[in-house]
Amino acid sequence: MRIAVIGTGYVGLVSGICYAELGHSVVCVDKDPDKLATLQAGGIPIYEPGLKELSAKGVAAGRLRYTGDLAEAVRDAELVVIAVGTPPLPSGEADLVYIDAAALEIADSLRAGAIVAVKSTVPVGTNERVQGLIRTRTTVPFDSVSLPEFLREGSAIRDTLEPDRVVIGAESREAAEKLASLHRPLTRNILITDLRSAELLKYASNAFLATKISLINEIANICEKVGADVSQVAEGMGLDRRIGPAFLQAGIGYGGSCFPKDTRALIQIAGHVAYDFKLLRSVVEVNREQRLNVVRKLETIFDGELRGKTVAVWGLSFKPNTDDVRESPALEIMRRLTEAGARVRAYDPVAMPNFRKLFGDEGVDWCDAAEEAASGADALCLLTEWEEFAREDLHKLQTILKRPILIDGRNLFKEEDLKGTSFVYYSIGRPSLNQGVREKAPLLQY
Ligand code: UDX
């Protein structure tokens, strides 16, 4: 199939490269000259394991190219995939300016019989809006399809080439069938729905996963008060097939480009039809609060005085294996620490340049290695569970820090890692592992 992908953000780039890997002829289009120059020179503007190599393979085979010329790319395409950004407006609603602009521009070059698929996460009704915009400019027949994307950063290639499911929202049976054939080599789980259901299903999936995370974080908070261990609780819950073990890792909450944005957008979508999505509003609120546990714990340890303290921070990206810092819990935590007068010594294996662009340099020393950041600090906060942090020897680490205080925001360390150390250790919802800050579980009487 000849495919044009509009927008080379996470979704567009990974999809385009993977369609080329499947043997299709793909042109990826972007307007940003810097991004385009990077891509044309064989680079990848994001950090995603394996993507650069897969792109080079597609380009070398003549199946994949990058261009700034949308008209030229669309003219020949049997399938046009819209994968431009839908950033949040201040209200939380998705901003559709890029979608609208892409629709209008595509219309001018669309060939008869083409399929226009929206892969960006968009509010219910957007595919119909795209259809309408295209029809204002052209009379050629075409089909509209909603093709929601479920990939995760850090495992984007696997998620795309071996997805749990592919959802195709379509009005025309023929267009749905064409896209089903395109994705059949990837999975047998292909669900064909109507346009609006496909659009809503993407938000609903992210809302469900975010809810799972906020639920286990609240359970963790209760664990701390009643003297239970959230990892054991989660393990037991996860053995129930109706619940499943995934997304029950307690910590400092979710970040990233999707969950925060999509949960707020869904609350807005509901609001537009006069529905108050109470549950999801609480999920968002719990998540906002959860990250502050780290700061509160430090305040308790330092008797409310963070001024003049040096705090090492390990991990700045919103999760491991990505350089994405959008809505990363580290942003709010570091803002609170520096505002309270602490000096932060920060380190992340790949996300430091992106983080610095967003956060600025005020109150922060950027370090080139984990141990350099820890060196001489009054306390260490672990905010992203990068693999390299798990390999750290805690016996050595406690001698590098000025004071052996470790706040483990991702429950990365285990009991055996801590054995024989004299850390003041705090993790989320595991009071029996805490050292130095152990609060005796109250006698429970009902
Ligand atoms: C998510 C969805 O998983 C994906 O399907 C959708 O297409 C885009 O949004 P992504 O944002 O890349 O993907 O990351 P994900 O692995 O889902 O993690 C999101 C956040 O939740 C991270 O901050 C992570 O640390 C946090 N998380 C995840 C938890 O706190 N606990 C968990 O158990 C799982």
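Residues numbered from 1 in each chain as written. Predicted model: local features only at pLDDT ≥ 70, side-chain atom pairs only at ≥ 80, totals over all residues.

### Some thoughts on the confidence of the model for the protein
Confidence in the prediction for the protein averages 96 pLDDT; 98% of positions are at 70 or higher. Predicted complex metrics record ipTM = 0.98 and pTM = 0.94. (pLDDT = per-residue confidence, 0-100.)

### A word on the environment of Gly50
Tracing the chain through its elements places Gly50 in the loop between α2 (33-40) and α3 (51-60). You can call Gly50 partly exposed: it has 13 C-beta atoms within 10 Å. (Helix = DSSP H or I, 4+ residues; strand = E, 2+ residues; numbered from the N terminus. Buried ≥ 20, exposed ≤ 12 C-beta atoms within 10 Å, placed from the backbone.)

### A look at the site of the ligand
Around the ligand there are 19 residues in total, and Glu153, Gln249, Tyr254, Gly256 and Cys258 lie nearest to it. Element by element, the count of residues in the shell around the ligand is highest for helix α9 (residues 195-226), at three residues. The residue inventory of the shell around the ligand, partitioned by class, reads 10 nonpolar, five polar and four charged. Residues lining the shell around the ligand come from more than one domain, with at least three contributed by each of domain 1 (2-193) and domain 2 (202-288). (Near = placed C-beta within 6 Å. Nonpolar A, V, L, I, M, F, W, Y, C, P; charged D, E, K, R; others polar. Domains from an automatic or database assignment.)

### Re helix α5 (residues 97-107)
Ile99, Ala102, Ala103 and Ile106 are the residues of α5 that are buried. Buried residues of α5, viewed axially, fall in a sector of 100°; they line one side. On its buried face, α5 is in contact with β1 (2-6), α4 (70-75), β4 (79-82), β5 (114-118) and α6 (126-135). (Arc of directions from axis to C-beta. Contact = placed C-beta atoms within 7 Å.)

### Things to note about the nonpolar core
Formed by 83 residues in total, the largest nonpolar core has its most connected members in Ala4, Ile6, Val80, Ile82, Val116 and Ala117. Top contributing element to this core by residue count: α9, with 10 residues. Once you skip the residues sitting within four places of it in the chain, Ala117 turns out to touch Leu79, Val81, Ile82, Val145, Leu147 and Leu179. The next biggest cluster of nonpolar side chains, apart from the first, holds 46 residues, and it includes Val294, Leu316, Trp386 and Leu397. (Core = buried A, V, L, I, M, F, W, Y, C linked by C-beta atoms within 7 Å.)

### Notes on the pairing of β4
Here β4 shows a buried face lined by Leu79 and Val81 and a second buried face lined by Val80 and Ile82. Note: β1 against β4, four bridges, orientation parallel. Bridge pairing in β4 links Ile3 to Leu79. As paired elements, β4 and β5 share four bridges and run parallel to each other. (Pairing = 2+ DSSP bridges.)

### A look at the UniProt feature "binding site: NAD(+)" (unreviewed entry) in the protein
Summarizing the sequence annotation, UniProt attributes the feature "binding site: NAD(+)" (unreviewed entry) to Asp30, Lys35, Thr86, Thr121, Glu153, Lys261 and Arg326 in the numbering used throughout. Judged by maximum C-alpha separation, these annotated positions cover 297 residues in sequence and are scattered in space, the widest gap reaching 23.5 Å. For Thr121, the position within the fold is in the loop between β5 and α6. Look at Thr121 and you get buried, because 22 C-beta atoms sit within 10 Å. Not counting residues up to four positions away in its chain, the partners in contact with Thr121 are Thr86, Pro148, Lys202 and Asp262. (UniProt positions renumbered as here; feature names shortened; annotations may be inferred.)

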